[in-house]
Every structure is written in C-alpha cells, then in structure tokens.
Amino acid sequence: MDAIPLIGDSDLMIAQPYHLYVERVDSARNMARYYAMSIEPNLFGDVCLLRKWGRIGTKGQMMVHHFGREEEAVELFLDLLRRKRKRGYRPRTSVPT
C-alpha cells in the first residue's frame with residue numbers, strides 16, 4: 001500500500017487567534033448593525049479571512065477571502081478594523097441574556 005502523507009497540525013495553525021465582533025447602534029437612526037471577522041485555516045492549507053455583517057439579530061451576509069500567507073490576511077483584517085472603528089463600530093458593552 002502507498003502511504004498517504006498527512007498534513008501536520010502545524011501547517012494548519014494560525015500564529016495567534018484573530019477574532020473580532022463589533023456593533024454600531026444609533027437608535028435615533030434605527031441603526032443596529034454588527035460586523036464580525038476571523039482568520040482561520042481551511043482544509044487545503046490556505047488562510048481565510050471570514051467576514052460577516054448585517055443587522056443585529058439577523059443572519060446577515062458573509063464573505064470569505066483566501067490568502068496564501070497569514071500576513072496578508074492579518075493586513076486586511078487590521079485595515080478593515082481601522083475602517084470600522086472610523087465609522088463608529090465598537091465592541092459590545094454588555095452580553096445579552
């Protein structure tokens with residue numbers, strides 16, 4: 001039998017976790033939005049930046065970006081974070097019950 005090479009765990013590991021969840025709420029404008037991002041490996045060895053956004057309480061939309069290197073994903077992650085903070089998105093101050 002031919003041996004099938006296994007992908008080592010270290011090949012699929014991200015150097016450090018990147019997870020973000022922020023909200024923008026303005027009751028005067030009836031605005032309640034969320035934005036979530038995470039960097040995760042996929043089964044093919046790529047690094048993916050997952051983005052989810054929408055109105056709080058809804059499924060919203062999702063987009064996945066694929067990268068060959070983690071550094072590229074982190075660069076986009078930080079750029080998007082800066083943009084969202086400029087637009088008024090902030091971490092949730094309380095956890096819903």
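It should be noted that the structure appears before, not after, this text.
Residues numbered from 1 in each chain as written. Predicted model: local features only at pLDDT ≥ 70, side-chain atom pairs only at ≥ 80, totals over all residues. Heavy atoms only, no water.

Scanning the protein from terminus to terminus reveals one helix and five strands. Beginning at the N terminus, the succession of helices and strands in the protein can be written as β-β-β-β-α-β. Counting every position in the protein, which comprises 97 residues, the buried fraction comes to 30%. Accessible area for the protein stands at about 7,500 Å²; split by element, carbon and sulfur atoms hold 54% of it. (Helix = DSSP H or I, 4+ residues; strand = E, 2+ residues; numbered from the N terminus. Buried < 20%, exposed > 50% of the residue type's maximum accessible area, 1.4 Å probe, protein only. Areas by Shrake-Rupley, 256 points an atom, 1.4 Å probe, with all protein chains shown as cover.)

What follows covers the packing of aromatic side chains. In this description, an aromatic ring pair is defined by two values, namely the gap between the centres and the angle between the planes. The tally for this structure, following the rule as stated, stands at four aromatic pairs. Centroid distance Tyr-21 to Tyr-34: 6.1 Å. Interplanar angle 15 degrees. Geometry classified as stacked. Residue Tyr-21 is located in strand 1 (residues 18-26), and its partner Tyr-34 is located in strand 2 (residues 31-41); the two are separated by 13 residues in the primary sequence. Each ring, one from Tyr-35 and one from Tyr-89, has its centre 6.4 Å from the other, and the planes form 65 degrees; the classification is edge-to-face. Highlighted residues: Tyr-35 in strand 2 and Tyr-89 in the loop between helix 1 (70-86) and strand 5 (90-91), separated in sequence by 54 residues. (Phe/Tyr/Trp six-rings, centres within 6.5 Å; stacked < 30°, edge-to-face > 60°.)

On to a nonpolar patch on the surface. On the surface, Tyr-21, Val-25 and Ile-56 cluster together to form a nonpolar patch covering roughly 240 Å² of accessible area. Relative to the elements of secondary structure, Ile-56 occurs in the loop between strand 3 (47-55) and strand 4 (61-67). (Patch = residues over 30% accessible without salt bridge, like charges linked within 9 Å, V, L, I, M, F, W, Y side chains within 5 Å. Salt bridge = Lys/Arg side-chain N within 4 Å of Asp/Glu carboxyl O.)

Another aspect to go through is the environment of Leu-76. Inspection of the secondary structure puts Leu-76 in helix 1. The partly exposed category is assigned to Leu-76, whose relative accessible area is 21%. Placed 11 residues apart in sequence, Leu-76 and His-65 show a C-alpha to C-alpha distance of 9.4 Å. Setting aside anything within four residues of it in sequence, one finds Leu-76 in contact with Leu-49, His-65 and Phe-67. (Contact = heavy atoms within 4.5 Å.)

Bridge analysis of strand 3 against strand 4 gives seven bridges, and the strand direction is antiparallel. Bridge pairing in strand 4 links Cys-48 to His-66. Where strand 3 folds back on strand 4, the antiparallel hairpin that results is connected by five residues, among which Gly-57 adopts a positive phi of roughly 95 degrees. (Pairing = 2+ DSSP bridges.)

This brings us to the sheet that holds strand 4. One open sheet holds the five strands; their spatial order is 4-3-2-1-5, and the pairing between them is antiparallel. Pairing within the sheet leaves two strands with one partner each, and these edge strands are strand 4 and strand 5. Looking at chain direction, strand 1 and strand 5 are connected through two bridges and run antiparallel. Across the sheet, the residue bridging to Val-22 is Pro-91, located in strand 5. Along the sheet face, helix 1 touches strand 1, strand 2, strand 3, strand 4 and strand 5 and points at about 170 degrees away from the line of strand 2. (Axes fitted to C-alpha atoms, helices over the stretch in contact; angles between N-to-C directions.)

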